[in-house]
Amino acid sequence: MSLKRAISAAAIFSIIVPTGLFVSAAGSTAATSQVTFLSEDVPAGLDYDGPSAAIPASQVGMVNLMEPLVYYKKSGKSPSGVNLLKFGYNPADFQGRLAESVTKNGLVWTFKLRKNVVGCKGEKFTADDVIYTFARAKSVSGAAPIGYFLSAVGGIKDFATFDGKVPLGDEVKKIDDYTVQITQEKENKLFLPALTIFGMGMFDKEGMEAQKTAKDPWSHDYANTVNVPSFGPYCLSKWTKGSEFVLTANPKYYGGKPAVSKIVLRKVPQSANRLAAIRTGAAQLTERLTPKEFASLKAVKGVSVGSVVGNESLFLNMNYKVAPWDNIKVRQAVAYAINYDKLIKNAYYGQAKKWKSLVPSTYPGYSVPKTQYTYDPAKAKALLAASGYKDDGSLKLTYVAEKESTLGPVVTQIKADLKAIGLDVQLDPLPQTQFGDRQLTKRDLPFAVNDQEKPIGVDAGYATYLFFITGGLNNMDNYSNKVVDDTYKAIATEADTTKRNAGLATIQEELAKDVAWVPVVEFATQWAYSSKLTGITWHPDNCVRFFDLKI
Amino acid sequence: MRRYVLRRLAVGVLQALGITIAVFFVIRALPADPVSRIVGMNPTEDSIRQARHALGLDMSLFQQLLTFLGFHGNGVFTGSLGTSWVSGSTVLSEIAITLPTTIQLIITSFIVALLVAIPIGMATARRPGGKLDKGVFGYGLFAGAQPEFWWGLIFIFVFYFKMGIAPAPLGMLDPMLTAPDAVTNFVLIDSLIAGDFTAFKSALGHLVLPVLTLSFLLVGPLLKMTQQSMSRVLSSEFILYQQASGLEKKSIGRSTLRSALAPIITLTGILFGFMLSGAVLVESVFSLNGLGQYAVAAVLNLDFPAVQGVILVISVISLFVYLGLDLLLAKIDPRILVK
């Protein structure tokens, strides 16, 4: 071959061949009743007691394949048309799912189970499945025993020893094939809310036991890697980890066959690509774009953006065991230094509001403390001077590096706001795992921006229990206040909602006075979707339930 | 030849083992505890202890190493790379899914890059200072100055978003299509095995932009190497002698190319090893779920078994690639074996 011919061949190969393929590949076959949902990831596992339970994408898989005993009722819509739920503690606040009805007598809850509930492979739901689910939780056999933890949060009797050697007793008792009784240790308002959480979905006993091995009697490996037999509205038809998760409607679902017959969940890590695919109609639903990207879609024909200020928030945490953050005047100075309105406008494009307390404003028990911090740089400077702290440029503001596209504008403005009052902080992005390790295990992050805490128990008391009581599970700031501890102790078993809420208001006032955190904003949880798609509903875990959708 | 290959393989196995053991210790020196990711945001001390036990992190480092190598059950010596701490799947099964995507991408990109770089490199070597040479110089400056993910995003913007002739950057297949049954995990091959030509066409189409992006970058160094190597050989005495003897241009071209190939092959091998994990940005931009993406996620999640597994697999592949290249070089220039 002569050189000229070789060059020509190369040119033809590099220009014509790709173009030809482009044309052939650009078209796609349309299928009815299919929704392509793009997200940052697909489920890494489906066992809620497994190693991937904390990953939001895994929770999406669990909540669409599994079914709870009870769940919250729908109630109203957000201004953008997203369906909302009504939260509460009493049986009347909940709708029966696998349980048709719930009654309470003292500390004993009786669940009448729904008959004729059929799973994906035709298996029937009975009381044995409920007993299996709680026995599995109590075995504490998974890498991250969420089922056990939630049973304890709900106050179920005898869920206090953690060695897995105590088998399930009569705290969860089968009365007959369609009746189960669960007994609480003591009065605890979180019992029914805990049952709605993804880690309390009911397993299909037969399906799970068919996969058990001598080494793995509770079939954790199967649920982590293959499927999770349950009674949900969708059945798993294909799962390529790290790439694709395909669900098909369970035609025998007791709530009626889902309106969308097939869901294709695709991993598309780049938010810009998810945005482009929604704009061009290649996908029908996406989530976790940046606020700027969501804002850019609002004028796009054929695309809707649903948003709801649910339970996502951004705050600054300052460690009480690390100077100068142990000095209340420094903490107050920071709270007065932030230009909240500018942050809402520039970093969130208006899709956020000033956070006025330290629990989500949608949760029962939320109250607005009298002590509030608004943008007042002069006051912030005075407080900083009064604190006696001399800035030497060594302070760092830590945040999760993987969230740079969302948090970058936030931390940049906070840095500028703090510099204006004389605090020159350095930005310190850390990988998520390292951030989590220092926040949860070591608890030694001095000063950080955090936007990933959402208490899964929908209750202000639960938020207090997690973050603010001395030694709380996620008390990342080592905060300690005797009034908070004593008040929480008094209300933890309080049955009277009015008295309980009064206690919670006292706690929220104390937290505000102490600047336990600087509450910055509650930002909107958002989705972008085809205008033909309806039914998007906000759930406290921020996972889309595909059964809600219609197209 | 056989002794040469066996000697190389023996040294390679020791190298791979050494690298894996080094990685085993280095990753454990990172200033973070993988348990915090697993237990979620609200862990009790009991659940942290439980998770640590489940991952085997409550054993001594030496015990963990022995377990990893296979002295206590399945391990490297028995063909197991362990179980991912993120997904609970075996690392080998996850690599078996992600590696073919990367290999497919890299091999196709190299084919395109070599098909472009070698003829053009030869032509510019024969006519230095010509228009084509100047064009190549400009391309070298232009392409080399931008990172590959940037070119990927530009191509997506132009060909998909603006012109609408490329498929959406959503992986290897159109979202509306069902993937063929996995036999080899090479989507192109699996779709042919299944006789699913729609999937084959879709996979080929979805490869075009990533391949264009990678080859756009690969052509630069390969072209430069071809040009320099050809120039050197063209001015050598034996080529001048061939020209003086009046041999046909075609024949001289063949001799020149054969003599100039060695450094190009070496560079190809080096670039191939680098691309196994270095293609991560392109994989990420096009949502391809390749080995590079898997490796990065493993490091970020402190998924120790996955990190160890990926590095071991990359080491072994690199070993075979370099061995293959050496054998090819020996075929071209048998003096290598004598040396």
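Here the structure is a predicted model, which means the values were calculated and not measured.

**Section: the overall build of chain B**
(1) Moving on: The helix and strand inventory of chain B stands at 15 helices and zero strands.
(2) Moving on: The principal-axis extents of the C-alpha atoms in chain B amount to approximately 85 × 55 × 40 Å.
(3) Moving on: Evaluated residue by residue, chain B yields a buried proportion of 52% over its 339 residues.
(4) Moving on: Surface accessibility of chain B: about 15700 Å² in total, with carbon and sulfur atoms responsible for 68%.
(5) Moving on: Positive and negative side-chain charges in chain B, numbering 23 and 17 respectively, have mean positions lying 18 Å apart.

**A word on the overall build of chain A**
(1) Moving on: A count of helical and extended segments in chain A gives 17 helices and 20 strands.
(2) Moving on: For 551 residues, the compact-globule estimate of 2.2 N^0.38 gives 24 Å, and the C-alpha radius of gyration of chain A, at 25 Å, lies within 12% of that figure.
(3) Moving on: Based on the C-alpha atoms only, the size of chain A along its principal axes is roughly 85 × 75 × 45 Å.
(4) Moving on: Counting all 551 residues of chain A, 59% fall into the buried class.
(5) Moving on: Restricting the contact set of chain A to residue pairs at least 6 apart, pairs at least 24 apart contribute 70%.
(6) Moving on: Approximately 20400 Å² of chain A is accessible, and the part contributed by carbon and sulfur atoms is 54%.
(7) Moving on: With 65 positive and 53 negative side-chain charges, chain A shows a spacing of 6 Å between the two charge centroids.

**A word on the sheet that holds strand β7 (residues 172-176) of chain A**
Residues and elements named next belong to chain A.
(1) Moving on: Pairing is antiparallel in the open sheet, where four strands are placed in the order β5-β6-β8-β7. Strand pairing shows two members of the sheet lacking a second neighbour, β5 (99-105) and β7, which therefore form its edges. Across the sheet, the mean angle separating the axes of adjacent strands is 20 degrees when strand polarity is ignored.
(2) Moving on: Taken together, the five bridges between strand β6 (residues 108-113) and strand β8 (residues 179-183) define a ladder with antiparallel strand orientation. Looking at the pairing, Phe111 lines up with Val180 of β8.
(3) Moving on: The sheet contacts of helix α3 (residues 127-139) involve β6, β7 and β8, and relative to β7 the element is tilted by about 170 degrees.

**Quick word on the packing of helix α11 (residues 249-278) of chain B against helix α14 (residues 304-332) of chain B**
All names here are of chain B.
(1) Moving on: Close contact between α11 and α14 brings their axes to 10 Å; oriented N to C, the two are set at 175 degrees. On the basis of their axis angle, the class for α11 and α14 is roughly antiparallel. Taking contact as the criterion, the partners of Arg258, Leu261, Ala262, Ile265, Thr266, Gly269, Ile270, Phe272, Gly273, Leu276 and Ser277 in α11 are, on α14, Ile314, Ile317, Ser318, Val321, Tyr322, Leu325, Leu328, Leu329, Lys331 and Ile332.

**A short note on the domain arrangement of chain B**
Residue and element names in this part refer to chain B.
(1) Moving on: Its domain assignment divides chain B into domain 1 (2-78) and domain 2 (91-332).
(2) Moving on: Across the contact, 21 residues belong to domain 1 and 15 residues belong to domain 2.
(3) Moving on: Summing both sides of the interface, domain 1 and domain 2 together bury roughly 1600 Å²; the carbon and sulfur share of this comes to 79%.
(4) Moving on: Of all residues in domain 1, Arg8, Ile27 and Pro34 give up the largest surface area on contact with domain 2, accounting jointly for 28% of the area buried on that side.
(5) Moving on: Counting every contact that joins domain 1 to domain 2 gives one salt bridge.
(6) Moving on: Between Arg8 and Asp326 there is a salt bridge, and its shortest N-O distance comes to 2.2 Å.
(7) Moving on: Along the contact surface separating domain 1 from domain 2 lie two residue pairs in polar contact (both at pLDDT 80 or more).
(8) Moving on: Examining the composition of the side of domain 1 that touches domain 2, we find that 13 residues originate from one element, helix α1 (residues 2-28), more than from any other.
(9) Moving on: Residues belonging to the side of domain 1 that touches domain 2 are distributed by class as follows: 15 nonpolar, two polar and four charged.

**Some thoughts on the environment of A:Pro229**
(1) Moving on: Here A:Pro229 lies in the loop between α7 (220-225) and β9 (234-240).
(2) Moving on: Residue class for A:Pro229 comes out buried when judged on its relative accessible area of 12%.

**Digging into the pairing of β8(A)**
Residue and element names in this part refer to chain A.
(1) Moving on: Along β8, four of the five residues are buried, which leaves the element largely enclosed by surrounding structure.
(2) Moving on: One ladder, built from four bridges, connects β7 with β8; its direction is antiparallel. Residue Lys174 lies in a different strand from β8, and its bridge partner there is Val180.
(3) Moving on: Counting the residues in the hairpin turn of β7 and β8 gives two residues.

**Comments concerning helix α8 (residues 271-280) of chain A**
Residues and elements named next belong to chain A.
(1) Moving on: In terms of burial, α8 is largely enclosed, as seven of its ten residues are buried.
(2) Moving on: Regarding α8, the residues found buried are Ser271, Asn273, Arg274, Leu275, Ala276, Ala277 and Ile278.
(3) Moving on: Positioned one or two residues after α8, Gly281 has a phi angle of 85 degrees, which is positive.

**Quick look at the state of the cysteines**
In a disulfide, the sulfur atoms of two cysteines are held together by a covalent bond.
Residues and elements named next belong to chain A.
(1) Moving on: One pass over the structure, following the stated rule, counts one disulfide over all chains.
(2) Moving on: Put simply, Cys120 and Cys235 are joined by a disulfide, and their sulfur atoms are 2.0 Å apart. The disulfide joining Cys120 to Cys235 has a torsion of about -95 degrees about its S-S bond and is therefore left-handed. Of the two residues, Cys120 is situated in the loop between β6 and α3 and Cys235 in strand β9; the sequence distance between them amounts to 115 residues.
(3) Moving on: Taking the relative accessible area as the measure of exposure, Cys235 reaches 10% and is therefore buried.
(4) Moving on: As a non-bridged cysteine, Cys543 has Cys120 as the owner of its nearest cysteine sulfur, 18 Å distant.

**Focus on the nonpolar core**
Nonpolar side chains in soluble globular proteins tend to be buried together.
(1) Moving on: Membership of the largest hydrophobic core comes to 101 residues, with the highest contact counts inside it found for A:Phe111, A:Phe134 and A:Leu285.
(2) Moving on: Of the domains in this structure, domain 1 (3-264 + 526-548) and domain 2 (313-523) of chain A are the two that each give at least three residues to this core.
(3) Moving on: Beyond its immediate sequence surroundings of up to four residues, A:Phe111 is in contact with A:Leu69, A:Val70, A:Ala99, A:Ser101, A:Val102, A:Tyr178, A:Thr179, A:Val180, A:Ile182, A:Phe191, A:Leu192 and A:Leu195.
(4) Moving on: Grouped together as the second largest cluster of nonpolar side chains are 94 residues, A:Ala528, B:Leu65, B:Ile106 and B:Tyr139 included.

**Side note on helix α10 (residues 328-337) of chain A**
(1) Moving on: A large share of α10(A) lies buried, amounting to eight of its ten residues.
(2) Moving on: Of all the residues in α10(A), the buried ones are A:Val330, A:Arg331, A:Gln332, A:Ala333, A:Val334, A:Ala335, A:Tyr336 and A:Ala337.

**Details of the packing of aromatic side chains**
Residues and elements named next belong to chain A.
(1) Moving on: Within the structure shown, the criterion is met by 41 aromatic pairs over all chains.
(2) Moving on: Relative to Phe203, the ring of Tyr132 lies with its centre 6.3 Å away and its plane at 85 degrees, an arrangement referred to as edge-to-face. Of the two residues, Tyr132 sits in helix α3 while Phe203 sits in the loop between α5 (191-195) and α6 (205-209), which places them 71 residues apart along the sequence.
(3) Moving on: Counting every residue linked through ring pairs, the aromatic cluster contains Phe315, Tyr320, Trp355, Phe467, Phe468, Tyr479 and Trp517.
(4) Moving on: It is Arg136 that lies over the ring of Phe203; its NZ or CZ is 4.4 Å from the centre.
(5) Moving on: The positively charged end of Lys138 is found above the aromatic ring belonging to Phe159, 5.4 Å away from the centroid.

Cut-offs and rules
- Residues numbered from 1 in each chain as written.
- Chains lettered and ligands numbered in written order.
- Predicted model: local features only at pLDDT ≥ 70, side-chain atom pairs only at ≥ 80, totals over all residues.
- Heavy atoms only, no water.
- Helix = DSSP H or I, 4+ residues; strand = E, 2+ residues; numbered from the N terminus.
- Buried < 20%, exposed > 50% of the residue type's maximum accessible area, 1.4 Å probe, protein only.
- Areas by Shrake-Rupley, 256 points an atom, 1.4 Å probe, with all protein chains shown as cover.
- Lys, Arg positive; Asp, Glu negative; His and termini not counted.
- Charge placed at Lys NZ, Arg CZ, Asp CG, Glu CD.
- Rg over C-alpha atoms; globule rule 2.2 N^0.38 Å.
- Contact = heavy atoms within 4.5 Å.
- Pairing = 2+ DSSP bridges.
- Axes fitted to C-alpha atoms, helices over the stretch in contact; angles between N-to-C directions.
- Parallel < 35°, antiparallel > 145°, perpendicular 65-115°, else oblique.
- Domains from an automatic or database assignment.
- Buried area = accessible area lost by both parts, 1.4 Å probe.
- Salt bridge = Lys/Arg side-chain N within 4 Å of Asp/Glu carboxyl O.
- Polar contact = N/O pair within 3.5 Å; in protein donor to acceptor, adjacent residues only side chain to side chain.
- Nonpolar A, V, L, I, M, F, W, Y, C, P; charged D, E, K, R; others polar.
- Disulfide = S-S within 2.5 Å.
- Core = buried A, V, L, I, M, F, W, Y, C linked by side-chain atoms within 4.5 Å.
- Phe/Tyr/Trp six-rings, centres within 6.5 Å; stacked < 30°, edge-to-face > 60°.
- Lys NZ or Arg CZ within 6 Å of the ring centre and 35° of its normal.

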